[in-house]
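An overview of the molecular structure
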Amino acid sequence: MLVSRPVLLAALVGICLTGEPRSMVLATESTSWLDQYRELAARLIGEALSSTFAWHRLSVLTDSVGHRLSGTPQLDRAIQWAVDEMKRDGLENVHTEPAMVPRWVRGHESAEIVEPAHHVMSMLGLGGSVSTPPEGAQAEVLVVHSFQELDAAAAQAKGRIVLFNVPFTNYSETVRFRTGGPSRAARHGAVAALIRSVGPPGLRLPHTGSLQYSGDAPTIPAAAITTEDADQLERLSIGGRRAVVRLKMEAHFDPDVESANVVGEIQGRERPDEVVVVGGHLDSWDVGTGASDDGGGCVVTWEAVRVMKKLNLRPRRTVRVVLWTNEENGARGGQSYRDRHRAELSNHVMMLESDSGVFRPLGFGFTGSEAARQTVKSIATLLAGIGADAIGPSGNGTDIGPSAQEAKIASMSLDVDGSKYFVIHHTSADTIDKIDPGEMARCAAAVAVMAYVVADLPRRLGE
Ligand SMILES: [Zn+2]
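Just so it is clear, the structure is predicted and the values come from calculations on it, not from any experiment.

1. Side note on the overall build of the protein chain
Helices and strands together make up the secondary structure of the protein chain, namely 15 helices and 16 strands. Scaling as 2.2 N^0.38, a compact globule of 463 residues should have a C-alpha radius of gyration of about 23 Å, and the protein chain matches this with 25 Å. Along the first, second and third principal axes, the C-alpha set of the protein chain runs to 85 × 50 × 40 Å. Across the protein chain, the fraction of contacts at a sequence separation of at least 24, relative to all contacts at a separation of at least 6, is 83%. Element-wise, carbon and sulfur atoms account for 53% of the exposed surface of the protein chain, whose accessible area totals about 18600 Å².

2. Side note on unusual backbone geometry
In the segment running from Glu 115 into Pro 116, the intervening peptide bond is cis, with an omega of 5°. For the bond running from Asp 293 to Asp 294, omega is 5°, close enough to zero to count as cis. On the secondary structure map, Asp 294 appears in helix H10 (residues 291–310).

3. Looking at the packing of helix H3 (residues 38–49) against H10
Running from N to C, H3 and H10 cross one another at 110°; their axes reach a closest spacing of 10 Å. By the angle between their axes, H3 is roughly perpendicular relative to H10. Note that H3 runs across H10; the crossing there is right-handed. Contacts between H3 and H10 pair Leu 44, Glu 47 and Ala 48 from the former with Val 307, Met 308 and Lys 310 from the latter. In terms of residue class, the contact of H3 with H10 is made up of four nonpolar, no polar and two charged.

4. So, the coordination of the zinc ion
Here the zinc ion is held by His 281 (NE2), Asp 293 (OD), Asp 355 (OD) and Asp 355 (OD), and the distances to it run 1.9 to 2.6 Å. Coordination at the zinc ion is irregular, judged from the four donor atoms that bind it and the angles of 53 to 146° they form at the metal.

5. Comments concerning helix H5 (residues 73–89)
An ideal rise of 1.5 Å per residue puts 24 Å on 17 residues; H5 measures up with 24 Å between its terminal C-alpha atoms. Where H5 is concerned, the buried positions are Leu 75, Ala 78, Ile 79, Trp 81, Ala 82, Val 83, Glu 85, Met 86 and Asp 89. Each element contacted by the buried residues of H5 is listed here: helix H4 (53–65), strand S1 (92–105), strand S10 (252–266), H10 and strand S12 (317–324). Downstream of H5 by a residue or two, Gly 90 has a phi angle that is positive, lying close to 85°.

6. Brief notes about the environment of His 281
Examined against the element boundaries, His 281 turns out to sit in strand S11 (residues 271–281). With a relative accessible area of 0%, His 281 lands in the buried category. Here the alpha-carbon distance between His 281 and Gly 438, two residues 157 residues apart in the chain, equals 22 Å. The residues touching His 281, leaving out its near neighbours within four places in the chain, are Asp 293, Asp 294, Gly 295, Cys 298, Trp 324, Glu 327, Glu 328, Asp 355 and Asp 399. At a separation of 2.9 Å, a polar atom in the side chain of His 281 contacts the side chain of Asp 293.

7. Examining the sheet that holds S12
Strand order in the open sheet made by the eight strands is S1-S10-S12-S11-S13-S16-S14-S15, with mixed pairing throughout. With partners counted over all chains shown, the strands left at the sheet margins are S1 and strand S15 (390–392), one partner each. For this sheet, the mean inter-axis angle between neighbouring strands, taken without regard to orientation, is 25°. Contacting S1, S10 and S12, H5 crosses the sheet at an angle of about 10° to S10. Lying over the sheet, helix H15 (residues 437–456) contacts S11, S12, strand S13 (348–353), strand S14 (361–367), S15 and strand S16 (410–416), oriented at roughly 35° with respect to S14.

8. Examining the nonpolar core
Counting residues in hydrophobic clusters, the biggest one holds 83 residues, and the most contacted among them are Leu 44, Leu 282, Met 350, Phe 364 and Met 450. By residue number, the principal contributor to this core is H15, which donates 14 residues. Setting aside residues no more than four positions away along its own chain, Met 450 makes contact with Met 350, Leu 352, Phe 364, Val 376, Ile 379, Ala 380, Ile 391 and Met 412. Ranked by size, the runner-up nonpolar core spans 26 residues in total, among them Met 123, Leu 194, Leu 247 and Met 249.

9. Here's the deal with the packing of H3 against H15
Relative orientation and spacing of two packed helices are given, respectively, by the angle between their axes and the distance between those axes. Where H3 meets H15, the axes come as close as 8 Å, and the angle between the chain directions of the two elements is 150°. The angle between H3 and H15 places the two elements in the roughly antiparallel class. Viewed along their axes, H3 and H15 form a crossing whose handedness is right-handed. Residue-level contacts link Leu 40, Ala 41, Leu 44, Ile 45, Ala 48 and Leu 49 of H3 to Ala 441, Arg 442, Ala 444, Ala 445, Ala 448, Val 449 and Tyr 452 of H15. Looking at the contact of H3 with H15 residue by residue, the class counts come to twelve nonpolar, no polar and one charged.

10. Side note on H10
One full turn of an α-helix is made of 3.6 residues, so residues set three or four places apart face in the same direction. Under the 1.5 Å per step criterion, the end-to-end length of H10 is only 25 Å for 20 residues, more than 12% shorter than the ideal 28 Å. Counting buried residues in H10 gives 18 out of 20 residues, a clear majority hidden from the surface. Looking one or two residues past H10, Asn 312 carries a phi angle of roughly 60°, positive in sign.

Parameters and conventions
Residues numbered from 1 in each chain as written. Predicted model: local features only at pLDDT ≥ 70, side-chain atom pairs only at ≥ 80, totals over all residues. Heavy atoms only, no water. Helix = DSSP H or I, 4+ residues; strand = E, 2+ residues; numbered from the N terminus. Rg over C-alpha atoms; globule rule 2.2 N^0.38 Å. Contact = heavy atoms within 4.5 Å. Areas by Shrake-Rupley, 256 points an atom, 1.4 Å probe, with all protein chains shown as cover. Axes fitted to C-alpha atoms, helices over the stretch in contact; angles between N-to-C directions. Parallel < 35°, antiparallel > 145°, perpendicular 65-115°, else oblique. Left-handed = near helix turned anticlockwise from the far one by under 90°. Nonpolar A, V, L, I, M, F, W, Y, C, P; charged D, E, K, R; others polar. Donors = N, O, S within 2.8 Å, 3.2 Å for Na, K, Ca; no water. Tetrahedral: all angles 85-135°; square planar, octahedral: opposite > 155°, others 65-115°. Expected span 1.5 Å × (residues − 1). Buried < 20%, exposed > 50% of the residue type's maximum accessible area, 1.4 Å probe, protein only. Polar contact = N/O pair within 3.5 Å; in protein donor to acceptor, adjacent residues only side chain to side chain. Pairing = 2+ DSSP bridges. Core = buried A, V, L, I, M, F, W, Y, C linked by side-chain atoms within 4.5 Å.

Next up, the structure:
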């Protein structure tokens, strides 16, 4: 029987008048739909937590394929491996979607202090950097701690190597010096730029990552050095003293090459055209093995879909796992997904990216309408048992961003305990030994429950 809204409201008020607190009645009323998912969520969580399958899958990717910089044969191998494995899982519509990607080649590189005493630094060129002349760039170092300090010391920057020795606070604050620092220094006539690695101090590990040259400045070579070496240079140059560095880099671009996003699905049983997307990026930097960034994100989102398949669950709408290419140095995978799927973006119900590591899951960030947020918050209560029920103020990712922004698609990110992530981020220590199989299984469980329920909701998320 259909009940008109006024009648329903009257009924609710009537119940309130009998003594139950109104808010409690409304809360019960508004989340009773959730009950149908309780047993199912328990099954998904139970299945994900019953094995270390995800961790072992990640170990194959990282140990047997290795790191996967865009344009390398290793990334091609990873793509083919993922296609084969998704088919083996029984996923549907498994295929690749081509995307052209840049091919940046690091080459040999080194950085050393040559005055006042010889000291070989531990360094990594920044992705996208140009090379030095073959004999290297050798110059006195100018140490700065902010863009303002650089601008104030502009006259001294000419002909120097500028070091941005800015301690890590959080990623978005500190990464500005890596992305924008080289061009800021070049504008003042610097011959090269060094940055203190973007991460907390950690046993002389340099952290690579992309720079972005601006069109109005000369392109100068740039590299990250360790916090220890940055502090040594700082001590050496205090009080107008002279520290001289020689930087040698062979970095360059080869022509763009074809790469691909990998796609697999469980097609929806009622509305197969409506899609919930989950995924991570398959490419990585060329150091470490990209276990945390972002092999783990690929594997846990994929595992979420594999677990649904294993339990023979088919939600109302399609769940699609996408392993994007080229997040690290071009974001072409996410852009090409948007371009290729432009006509069906309005059928994307939600997109979820895992790219912050696969440590102990805390919940999800969410960006979307208030109505959708309330629904997602209710779904997250199903994850309280594994401690992954928090819904944060914003959820986004480099790969889902282009699509989500263009079509205003609700977007989510997997939120995890971030205390270890930036210690190893973009370093040679980003290897699977840092990842706990149990935590990874919980990440997969959280994604499985969230993605399944959003895909299965009787009414589309946000409606
Ligand atoms: Zn990443």
